Every structure is written in structure tokens, then in C-alpha cells.
Amino acid sequence: MPRRDDIHKILIIGSGPIIIGQACEFDYSGSQSCRSLKEEGYEVVLINSNPATIMTDPMMADKVYLKPLTTESIKEIVEIEKPDAVLPTMGGQTGLNLARDLQHEGFWRKNNIQIIGVDIAAIDITEDRQQFRDLMEEIGIDQCKSRTANSLLDAKEIVLELGGLPVVIRPSFTMGGMGGGIVWTEEQMEKKVLRGLELSPIHEVLIEESIFGWKEFELELLRDDNENVVIICGIENMDPMGVHTGDSVTVAPTQTLSDKQYQALRDAAIKMMRSIGTFAGGCNVQFAYEPGSDRFVAIEINPRVSRSSALASKATGYPIAKVATKLAVGYTLDELKNQITGTTSACFEPSIDYVVVKVPRWNFDKFPGVDEELTTQMKAVGEVMSIGRNFPEALNKAWQSLEIGRAGLGADGYEEINRKDVRERLLKPYWDRSLQVRNAFKLGASVEEVADITKIDPWFLQQIRYMVSLENRTEGQALGSITRDEMYELKQAGFSDFQIAFLVSKSGEDVTEDDVRNHRKELGLLPSFKLVDTCAAEFPAETPYYYSAYEGETESDVSDRKKVMILGSGPNRIGQGIEFDYSCVHAVMATKEMGYEAIMVNCNPETVSTDFDIADKLYFEPVFWERVLDIFEHEKPEGVILQVGGQTALKLAKKFHEAGIKIFGTSFEMMDLAEDRGRFSALLKEINIPFPQYGTAFTAEDAFKIANRIKYPVLIRPSYVLGGQGMRIAVKEDELLRYVDSILKTHPENEFLIDKFLENAIEVDVDSTYDGDELHINGIMQHIEPAGVHSGDSTAVIPPYTLSDKVIDIIKDYQLRMAKAMNILGFLNVQYAVQGENVYVLEANPRATRTIPFLAKATGVPGSAVGTKVMLGAKLKEFDLESKLDCYAVKEPIFPFDKFPEVKKELGPEMKSTGETIYFMKDFNDEHFKKPFEFKNLYLSK
Amino acid sequence: MTLPQKKRAIIALSDGTVEYGTAIGYDGTTGGELCFNTSMMGYQEIFTDPSYYGQLMMMTYPHIGNYGASSRDDESRKVMIAGLIVRSFSWEYSNPMADSNLNDYLIRNKIVGISGVDTRKLVRHIRTKGVMNAVISTTETDAELLVEKARDWVSMKGLELATKVTREEAQTVRNGGTFRVAAIDYGIKQNIINNLVKRGCNLRIFPAKTSFEEIMEWEPDGFFLSNGPGDPNATADYALETINQIKNTGKPVFGICLGHQLMALSEGFSVSKMFVGHRGANHPVKHIHKGLVEITTQNHGFAVDPDSVNNGQAEVTHTNLNDNTVEGLNFKQFNGFSVQYHPEASPGPHDSSYLFDEFISRIKEAKSTESVK
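Here, residues in each chain are numbered from 1, in the same order as that chain's written sequence. Numbering of ligands from 1 and lettering of chains from A proceed in the order in which they are written. Predicted model: local features are reported for residues with pLDDT of at least 70 only, side-chain atom pairs are reported and counted for 80 or more only, and whole-chain, interface and lining totals are derived from all residues.

Moving on to the overall build of chain B. Working definition: helices are DSSP H or I runs of at least four residues, strands are E runs of at least two. Numbering for both runs from the N terminus. The number of helices and strands found in chain B is 10 helices and 19 strands. Relative to its length of 373 residues, chain B is compact, with a C-alpha radius of gyration of 21 Å against a globular reference of 21 Å. Once the C-alpha set of chain B is aligned to its principal axes, its extents read approximately 75 × 45 × 40 Å. Residues classed as buried in chain B amount to 58% of the 373 residues present. For the radius of gyration, the atoms used are the C-alpha atoms, and the globule rule reads 2.2 Å times the number of residues raised to 0.38. Counting other C-beta atoms within 10 Å of its own, a residue is labelled buried from 20 upward, exposed at 12 or fewer, and partly exposed in the gap between, with every C-beta atom placed from the backbone.

Laid out in C-alpha cells, this is it:
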């Protein structure tokens, strides 16, 4: 059936601010969906409160409502817009829940609005444990065995029946699963059963077979109105059951299942999807396989696009959200073309000829006292994906992508390892599990031993052990004695030049990353660039989506156009999230508009920037020096843009500069100066701009002296960090010494700064763009919280609400003087502290910031694009820069404290929020202002 | 752990392309038509599929051997491929239910192979240049000589191979059911047998060259023509006589792959060699009447020419969504239907197993009309 023409106007519900478990993957699916509907000529109305999304850009929908995601907002919008249909599957659980609440109120029916892409009854079934269980039983899908007990004796019998401990205890009808959990010993079992019987209002507990340690799989499905179903991707979790998928290392395609086993999952998944309703759209099904048997059980089914479907899209090249949207408006799969090949059908199951590894990124360092054990509740804040021609290559690349200072999975000089620590660390799943597995093999452990402790499938362990054998073979060899074959094998296994340098340096010679690079080039070893084509090369494909591998043939032909390479922002983390991907996407589009071929390099599968039709060429690669340089040398672009990818891209500036590669925009010297407090302060002094007193220290003693000179309270931080990592306020000496101690541990290579902390100052954040002649102020944001709370954690208001005209004039004047003095070309952000009428400069950032997208949404001026164009030579006078803001816009931070109940909520100079919302208000008699204003000092920690 | 000792191996294509890698499996030299398969799992089913007899199999998924080798995954009594090309061979495996690792399995079956080759490059090569012969050797180091050998290797075109893989003697697989099916074995896959028997067929599987009279002695209620290797035009030389007699019985006939091509040839349609065959487990096939799409397992290098299908004699029931090739026929002048792809899957999706049901209902229907008569 072709597109439906009984509907014309469609409402899409977004997912709101970034929180743990719901990140920018929904901006990716949402923007694909918007584009997909507009392409079909539908009128698109969108609601989302997250200003840092591409989907809320004016070009994405006919009408964008930046409003809180509540049923009230939706009702208001429906009143005005009167849409014919609502597509709730692109906005994660938030979107689904809102649609469901309104359905139960009868709102959609009353307003004659059709729900497309999902069936609300399907959501009800999948959200209700008992309904789901009953349905699975009805259609013959196996689940964990279980039986209810009303006494301890019952319970003991059931445990025997289930084949012994461990088992899972679930008290019936307790709130939020209270009193439940897995028990390993007789004693734990008795205690938990008795407690559960007490807690349960009907004195009943469910004793369930434990599938802890079973192999975990996910299938991504698409279905159309004709009941055609395809599986886009099978994903295997390297971390077995017990760790949330979002916290697991996952691999695509599945690696350890035979065809018979895989097809059994496929059959079950299709049966399950069909059983929950007849909707056209995407769906994700999770299973657990008992190791060494053909038995598997269904875990859950999610009838919407998800984090996993974003991953599956990037892993296979198949745009799930885009196709799901077309299916939701009536197309059938066989009517759609595979966009990657351009010639074959979209109704097929991708076959891939590489291995994809996803590794989550955590931020436990931000939350002292947090329980770091990985459980069934997700704790990761972001993820990286990597593509290799084998698992070791993909795994090493993933660790290069994580940006935690590693050059691969170990072999880079960090650990001193001992058996006891490694064993202890392996007993429970922690964030660094793969690394600890590697460490165990380094210490001589056997595959059986590690499999026994971790329950990780031996195939993955064998692969990691193979990586360690390569390490061992290389360790202590002289660089010159490594043969071409040996080097080839190392590179094919994903080892970075840095790792190889570390390994050969063990022979005593001092070998650098560059030495290895030169040596391997002499051996003729350069990476090839292969195409992601959905079909394992069976058909020609034209979509320019590449990854590197050490192979025989390069498929990425270099054009003769002038090119610019743009570095992405890597994995989401606190301090560097979707806001930077937003700027990356705009930078790519602006670069294209300026007549360049735009080449994007990034490794975050959740992002819009890694959608295959955003850049002219996409390299899905770690934003890691060696990999980026390889791409640069292959493509030979005119230069690179580093100012939009946050600290990830920026920290490579020095290397690009040293390699003599052109960096567009503000010069490297000035970027470097902005990070160097001494030189920066000297510059401020020269142009007569005040700043808080400070000192630079390398030791505790220095710090102590400086603090006494400038007087407490003081602000301590390592230089070169984003999101205020490691930043603290000390009011007295012992605090100072404690913080210094911890900085010396975490950032041993860095100097650190001691600033005078300005108490009770108002913090002001100013983004601007300078083209050499003219300065454009993108926006002046006044923070509600006092200086001392990280700007990313502050509630910011534009325009400022208490600053005098005089202060604003001073700020504008300072901003212009700094832009001139620093020879800014493009972005300049400056943070000020205002005490009375005195304005102090806290820091300057010559790059796109976290607040650029917020300002773009508040003022209607596309700041990221303008800034990028200025960097490439455009003048500000070419643009319409007039703000369309006619009220106040508030940026409200969102915190993950609900995910870490053991952590105390306190705010300080270290950023802790994961996302933000935008809110427009007419006056200050508004809860969104009054509340933060009232609590502004409450959480400030010192 | 020490790294395995590597032995060099060479693959040489008839157009002079040469790639070096590591030897896997049995030591020696082997050759055949170089083809590739895009299934990401089910390698052992592919190796033992008689339709692949005499071909060099290149797997596009890089890691092969991950779950070892297990007798339950065999599709026939031995490995049928002539040689194996992979990117990253798994020397070790993980599967408590397996019998051995894949390398030992290859050695036991005397299969020469090569690992560490840029398989993607070779796939792209034959995709653009068309299928060609190749030779793999773990013993001969002279690449020129191997290219020469590849050039001299006998071409698949015109090659009759079904007799190389068919059973030597007829075999009966009983189910206790009420109807009898005669299957002609041109290289039948085990899962076809399983699918028929599971649905209540008493099955007698006959060697490829069995005469019509001998088959009829078993008093079948329906006939099945199996898949198999080689050029269908060559097999047709001896097979069509029997097939035409089978058609005249009025009893249902079902053909898969080579069986499908032979049925088409028997109606005077033409079957020719494709530029690059279909080999994988992800091909979309549209059932024209139902409008539904099946994800299918495919393995064929020859196909029925659509223009040669006479509408009076047969109707095209299924087409491939990627290239519109003929995937299924329903014959109008006898009680027969056939598909080019593999509804028995193994490896691959189970979307098309309804075709076996259809065969069974045709048999039941024919039997009931017969008894009415």
C-alpha cells in the first residue's frame, strides 16, 4: 500500500532532556522520522523540550513546540494544530508513556487523532509483567520457570524443583519490586523468602529460576501493515544476563549461536511481535540463552525504536527509524528501496562482513560514593561503537574511542596488575570488565577460569586471549625486528601505534607512537577504508559510510573537490553531550553550503552526525589521533574543524598544529593560550580586563602558598578539562590539601590552578561570534545559581534579568576586546562573574559551547552554522542575526541523582547534569523561574 | 598460550588475481568455481549442501568456526564444497554441544582452505567481473602455476554434477503417515527430508538416474524433485524423460532449486547461467498473489529466463525483489509448482516452510479426488 492520504498532519513526540537510559539516540530517530515524513509531503508538528536536538531545528518540522513534555502541553498543541495522527514511537519511553496516558484518558479518540507506528494495547501488554507472561505462555514462548510459594517450606520445594540455587525471589504485589532479588545461598534464600512473605500483602512470593549468567541477545525487527517482518540485526551481549543491555559490551552480529539457534530466536521474535498487536513499525526483543543448550527464554519486547535500534542502524547501515516512519504512514517494506544500495529492496535482512562492538561510557568519577557495580539498572551515560574486520580490531578500536586516556584494550602503560586484584575485580561486573579479562590473561589465567568467574562466553575470551598473545609476542621485541607479517597481524587486531610503541619500549629502547607509524609505513602498512553497505558487497552501494581496516583494498575514492574534515565529539558523557553533536551537524551542513566536501569522523552511534546522509563522507572511527591522521592522509582535506566537537576534538589541536595541518578558525596558539591560565591572565592584564586572583601550582606546597596569598575560599582545578572535572571549592586548608591530593592522583601530568572564589557573585555566560571585523553576541545568559555551581548545572536565563545596562555594556565591551586580542575567528564564549558593578572574566573558550544550541533555539539564529561559516571565511554581515526572542528563555539542567540513590545531591564546580530543557516564560511569576530561584543556594557544595 | 604456527596458502583466480593467506583444514591443492555466501551463520550447513558440490566457498562474514562443528548441522553425509576461503578463521570455538573445532572437521573431510584473505575485495572482484574458477593451495608456492591451473579447471557451464552427489541406492524414510512421496535426489538437503517427514510423508529417496518405472513401483502419491549442483541443462539430458512421465501421472510435483529448473526445462523454458549467482540467507522474495515477502535462503548460479516462461504453461508465482528474477512457478498443464530458493532454509529464515504444507495439501486433495473417482 502506498502512503496514506487520509492523514495530513502528524504530531511527533520527542524524548526530552538527556537522562541515563534515554540519550541522543532519540534525536537521531526523531530527526530521521521528521525528514522522512516531510519527504512524503506530510505536515509535521513536533514537541520536544530539549533545545540541543537537531529534530527541533526549524528545518526539521513545519511547527516545533519547545515545551515541557506533559500531557497538558500536548493538549494545548493539539488544540492549536489539530493533527490527524500522532507518532509516539520516536520519543523513547517518554513519548510512549505520554501517548498511553492520553489514550487512557480517551483524548486521542475524542480529538479524532490516529495513533500510528504502535498499538497502545501493545504497550500495555509489554509494560505489564503478568500480561506479558500470560501472553508468552499462550503463544508457546518459553520463560523463566517459576511458581508461587506461601511458606518457606513451599519455597524450599520449589527451589529443588527449579534445580537449586541461585533463584530469584519476587514478593507479590510489592511496590517497585521491593524485597525482591537474586539469592545465592540457603541462608540468603530463607531470609529473603520470610521477609518477602511478610512484605507481600497477600503473603506470597514468586520463586523464579535464575538466568544470571545466561547469554543475552537482542533482535531488532521491522514490520509493515502487510505483516511482512524483517530482522535488521541480531546483537549479542558479551556481558551475560545480570548486566543491563545499556551497560553491556555488545557485539553485532551474534557470534556464538549456530544457525539453528539463531533461527529459533528469529522465529520466536516474529511470533512475539505479531502477538502484541498489528502495528507497522519497529520493535526490539530480548532473549536469554542457556549456555550449552538449545533452551532460551524471552525477556522483554519493546514496540518502539530504541538505543539498540540506533546501534543496529549504525551497525548495519539500515536506517531503522526512517523506514519505521514510512511503514507507520502506510508503506509496505517491499515498496521501499534500500537507501544504501539505491537499487535493491528495503525488505531484506542486512548481511554484514565486519564486526561491530559497542562499549558503554560511564561517569562514576563525577559521583563520589556511587555504587559502581553494574546491575540491571542502567548507569552508563553514553557509548561508543566501533567497526573492525574482526572482533579484536573492533574491541581495540572501541577502547580507543572511549576517550578515557586509553590507546586500546590495555598494553598502553597504565596497569600494574596482580592476580588477587584482578580476580576480585572480575567477580562482579564493573565498567572495566573487558580490561580486567585482558589483565587476567596477561597474568596467565585460562579461558576456563575466566569463563567460570565471569560467565562470558569462551569465544570472546579466546579472542581477548589471542590479543594478549600478540601483546606477549611483541613485548620486548625491537621495533626494527618486527616483521611485516607480525606488524600486519597487530594492526589487523586493532593495536594502535601507541600500544605497539609501549610494547616494544619494554625492550629498553625508547620508541614513540610516531616511530611505529613511520616503521609501519616503511613496511607499506596503511589502513584501507571499507564501505558499510548492508549487503556484504553482494551489490554495489553508493552511500559514503566508511570504516578502516588493515586489508587489501580501499573503497573510499578521494574526490578532487576541496574538503574539510570535521571531528565529532565522541561518546556522550557528563559535560560533553548532545549539544556538541548538534554543533557538529550544523558545522557539516554549513561546510557543505560553503562549497566544501564535508568529511565527518565520529564514533558515537547515538548521534545525528553519524547518520549516513548528513556529511558528504562519514568515517565511523575513533576520534583518536592515529585513526584521524590516517583518514586525513587518505583524504588530504584543506584543513580540519576542531571547534565543534567539544574537548574531544580540541585536545587533538596540538597534534594537528605540530603536524602542520591547517586548523580552521581561531589559531592553535590562541586556543592554547585560553587553556593556559598564566598566558591568558597576562593577556587580560594587557587589555585591562579584571579577573579573579589566581596561581598555578604543581605541588601541594605551591597550592598552599597561593591559597594563603589570595585568601580562601579558593577554586582548585586541573587545566585542560571540560565539564569542570576534578574542580572543587575549598574554604580551608585541609580541604585544599585533600583536593590537591586527589588531583595529583587523577591528573598526574597536569598543572593545576588555584583561583580566588568570588562569593555571592552572579555568573554570566556569553556566547559570541567574531569575524575579524564585527562581533555578534549570540546571547548573554544570567545564571540563577551563584558562581561556584558549574555553568552546565546552572539554570540560565536569557536575556539577563537583574544585570544593569552598565554591566551589560561592560560585558559587551570586554567580549569585543578579548575577541580582538585573541584574533578570534568564529566562536568565543566567555564566562563572567559579576559582583555589584564589577565584572570579572572567569574563562574564555574559543569554540562552540554547550549553550550554543540553547541560544539558537531561544533566539532563532543558527549560531553553530554561522560560526562555522565565519571560520571558513564568511562575514557576519551576510547573515540575519536578529534575535526573535520576545520573552525569557530558561535553560534548566536535568540531574541523574535518581539513578544513584546512594549519592548526595550537591552541586559545585564539577558538572553533574546529563541534559537540559528549554522553557519560555513571559515573566518571573512562573514556577520554572521561582523554584530554581528559591533553591538557588541549596545544593551548592564547598 | 602460544600463537598457532602459520602455514602459507595461496588462492589464485583464473583471471590472474592472486591472494596470500594462512592454510586451514587439509593440506593440498583444490579448485572450482569461486562463489560467495553472505549468511552470517550456518557455515556447516553450507559446506555440506550438495548444491555447492565442486565450488570454492568464500564466506563474507569474517569469523567462521566460532561454534565449532557438530553432526546435527550436517545437511548431507559429507562436506560438498571443494575448498574454503575466510577472513578470520576461529581456531578455537565455543559450543559445549559441538563435536570438534572446525579445523579438525575440515581435515577429517579433506577440505583445503585459506584464511586471512581480504574476502570483501574478492567478492567485489567477482561481483564486477562475474564468476570464475580459482585454485587454493597450501603446498604449491608458484602462483603462476596456480593461475594456470585455475584457468584449466573445468567450467561449471555444461557440467553435470547431480550424479556425483546423489545416493547410490534408494532409501526409505518412514513416518507412519498416510501418504507416500517419491523424492528424486539430485543432491537433496537433509532439512528437506526432515520437513517432508515431519509433515507425515513416508518418503522414498531415489538416485538421480532412477527410471520412472522403478519409482512407480513404490506407488507414490506425490513427487519431489530436489536441489542439486551443476548446470541444469546438463542434468536435463537424462532427467527430463523421467520428469515428463511423472508429470503425466497427474499427481502433485514439487521442485526446489535444480528441481525447479528441471521442471521449467521440461516445459521448454530456458535456464541460463547468471552473471553472479544468489547465495545467502537474506534474499527477499515476493509471493505475487499474497503480496507478502519471504526472507529466503538462496543458492543458485543458474536461473529460469523470465521471457521464456509461456503464460499458457506456467505462471510466475514468486519474484526476487532485488533483481526481479523468477523465484517460483505454478504449472498449468500438470499438477506441479516449484521454487528457485530454499524453503527448507538451513541455514536461513523459516519464512517459506508453508510451501511444504502446500505440497502436502495438494497430495491430500489429489488423493481425495482420486478416492472419489
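What follows continues from the structure just given.
Along its length, chain A carries 31 helices and 33 strands. A globule of 942 residues ought to have a C-alpha radius of gyration of about 30 Å, and chain A, at 28 Å, matches this closely. Overall, the C-alpha framework of chain A stretches about 80 × 75 × 65 Å when taken along its three principal axes. Put simply, chain A has 942 residues, and 58% of those count as buried. Here the contact rule is simple: place C-beta atoms from the backbone, and any two residues whose C-beta atoms are within 7 Å are in contact. Contacts in chain A between residues far apart in sequence, at least 24 positions, make up 70% of those at least 6 positions apart.

Another point: unusual backbone geometry. Of the consecutive residues leucine 165 of chain A and proline 166 of chain A, the connecting peptide bond is found in the cis state with omega at 0°. Cis rather than trans, the peptide bond between serine 346 of chain B and proline 347 of chain B has omega equal to 10°. Relative to the helices and strands, proline 347 of chain B resides in the loop between strand 19 (336-339) and helix 10 (354-372). The phi dihedral of asparagine 760 of chain A falls on the positive side, at around 55°, and the residue is not glycine. For asparagine 760 of chain A, the position within the fold is in the loop between strand 26 (752-756) and strand 27 (762-770).

Every α-helical turn comprises 3.6 residues, leaving residues that sit three or four positions apart pointing alike. When helix 6 (residues 190-198) of chain B is considered as a whole, its buried residues turn out to be Asn191, Ile192, Ile193, Asn195 and Leu196 of chain B. Phi for glycine 200 of chain B, located one or two positions after helix 6 of chain B, is positive at around 90°.

All right, on to the interface of chain A and chain B then. Accessible area lost when the parts come together is the quantity often used to give the size of an interface. Across the contact, 45 residues belong to chain A and 44 residues belong to chain B. Elements with a contribution of two residues or more to the side of chain A that touches chain B: helix 9 (259-275) and helix 16 (458-474) of chain A. Three classes are used, and their members are as follows: Ala, Val, Leu, Ile, Met, Phe, Trp, Tyr, Cys and Pro are nonpolar, Asp, Glu, Lys and Arg are charged, and the others, Gly among them, are polar. Classifying every residue of the side of chain A that touches chain B gives 15 nonpolar, 14 polar and 16 charged.

Glancing now at the confidence of the model for chain B. Reading fine detail from the predicted coordinates is not recommended where pLDDT is low. As a per-residue quantity, pLDDT reports the predictor's confidence and falls between 0 and 100. Residues with a pLDDT of 70 or more make up 98% of chain B, whose mean pLDDT is 95. Interface scoring of the predicted complex returns ipTM 0.97; its pTM is 0.95.

All names here are of chain B. Pairing is mixed around the closed barrel formed by seven strands, whose spatial order is 1-2-8-6-4-3-9. Sheet twist, expressed as the mean angle between neighbouring strand axes with direction ignored, is 35°. Judged from the four bridges that link them, strand 1 (residues 8-13) and strand 9 (residues 132-137) form a sheet pairing that is antiparallel. When the sheet's bridge partners are listed, alanine 12 is paired in strand 9 with valine 135. For every element, the axis is a line fit to its C-alpha atoms; helices are fit only across the contacting stretch, and the angle between N-to-C directions ranges from 0 to 180 degrees. In this fold helix 3 (residues 119-129) packs onto strand 2 (18-25), strand 3 (29-37), strand 4 (55-59), strand 6 (83-85) and strand 9, with an angle of close to 125° to the strand it touches most, strand 4. The sheet strands contacting helix 4 (residues 143-152) are strand 1, strand 2, strand 3 and strand 9, and the helix crosses strand 1 at an angle near 45°. Pairing between strands is defined by DSSP: at least two bridges between them are needed.

On to the environment of glutamate 220 of chain A. Within the secondary structure layout, glutamate 220 of chain A lies in strand 10 (residues 215-223). Taking the C-alpha atoms as reference points, glutamate 220 of chain A and serine 308 of chain A, separated by 88 residues in sequence, lie 7.6 Å from one another.

This paragraph deals with the nonpolar core. To define a nonpolar core, we join buried Ala, Val, Leu, Ile, Met, Phe, Trp, Tyr and Cys residues through C-beta atoms within 7 Å and take the resulting set. Counting residues in each nonpolar core, the largest one holds 387 residues, and the members touching the most others are Ile566 and Ile716 of chain A together with Met57 of chain B. In contact with isoleucine 716 of chain A, not counting residues within four places along its chain, are Ala703, Met727, Arg728, Ala730, Leu736, Tyr739, Val740, Ile743, Phe752 and Ile754 of chain A. Within the second largest apolar cluster, 13 residues are counted, among which are Ile158, Val183, Leu206 and Ile207 of chain A.

All names here are of chain A. In a regular helix each residue adds 1.5 Å, so 17 residues correspond to 24 Å; helix 16 covers 24 Å between its end C-alpha atoms and thus fits that length. Among the 17 residues that make up helix 16, 13 are buried, leaving the element largely enclosed by the rest of the structure. Two residues or fewer after helix 16 comes glycine 476, characterised by a positive phi angle close to 85°. Every helix has an expected span of 1.5 Å times one less than the residues it contains.

Right, let's talk about the packing of helix 15 (residues 447-454) of chain A against helix 16 of chain A for a bit. Residue and element names in this part refer to chain A. Running from N to C, helix 15 and helix 16 cross one another at 130°; their axes reach a closest spacing of 10 Å. Looking at the two axes, helix 15 sits oblique to helix 16. Regarding helix 15 and helix 16, the two cross each other, and that crossing is right-handed. Across the interface between the two elements, Val447, Val450 and Ala451 from helix 15 touch Pro458, Leu461, Gln462 and Arg465 from helix 16. Of the residues that constitute the contact of helix 15 with helix 16, the class distribution is five nonpolar, one polar and one charged. An angle counts as roughly parallel when it lies under 35 degrees, as roughly antiparallel when it exceeds 145, as roughly perpendicular when it falls between 65 and 115, and as oblique in every other case. By the definition used in this description, the sense in which the near helix is turned from the far one sets the handedness, with an anticlockwise turn below a right angle giving left-handed and a clockwise turn giving right-handed.

Moving on, we get to the pairing of strand 19 (residues 563-567) of chain A. Residue and element names in this part refer to chain A. Among the five residues that make up strand 19, four are buried, leaving the element largely enclosed by the rest of the structure. Here three bridges tie strand 19 to strand 22 (residues 639-641), and the two strands are oriented parallel to one another. By the bridge assignment for strand 22, methionine 565 is matched with valine 640.

Our next topic: the sheet that holds strand 12 (residues 201-207) of chain B. Residues and elements named next belong to chain B. What the 10 strands build is an open sheet, ordered 10-12-11-13-14-19-18-17-15-16; its pairing is mixed. Single-partner strands in this sheet number two, and they are strand 10 (171-173) and strand 16 (292-304). The mean inter-strand angle of the sheet, taken between neighbouring strand axes irrespective of direction, is 20°. Inspection of the sheet shows strand 18 (residues 326-331) paired to strand 19 by three bridges, in the antiparallel sense. In the strand pairing of strand 19, leucine 329 is matched with serine 338. The strands touched by helix 6 within the sheet are strand 10, strand 11 (179-185), strand 12, strand 13 (222-225) and strand 14 (253-256), with strand 12 carrying the most contacts at an inclination of about 150°.

Quick look at the environment of leucine 427 of chain A now. Structurally, the position occupied by leucine 427 of chain A is in helix 13 (residues 419-427). Separated by 26 residues in the primary sequence, leucine 427 of chain A and isoleucine 453 of chain A place their C-alpha atoms 6.0 Å from one another.

The next point concerns the pairing of strand 16 of chain B. All names here are of chain B. Among the 13 residues of strand 16, 12 are classified as buried, and the element is accordingly described as predominantly covered. The sheet contact formed by strand 15 (residues 271-287) and strand 16 spans 11 bridges and is antiparallel. In the strand pairing of strand 16, histidine 278 is matched with histidine 300.

With that settled, consider the environment of threonine 174 of chain A. Positionally, threonine 174 of chain A belongs in the loop between strand 7 (167-171) and strand 8 (181-183). Its 15 C-beta neighbours within 10 Å are what place threonine 174 of chain A among the partly exposed residues.

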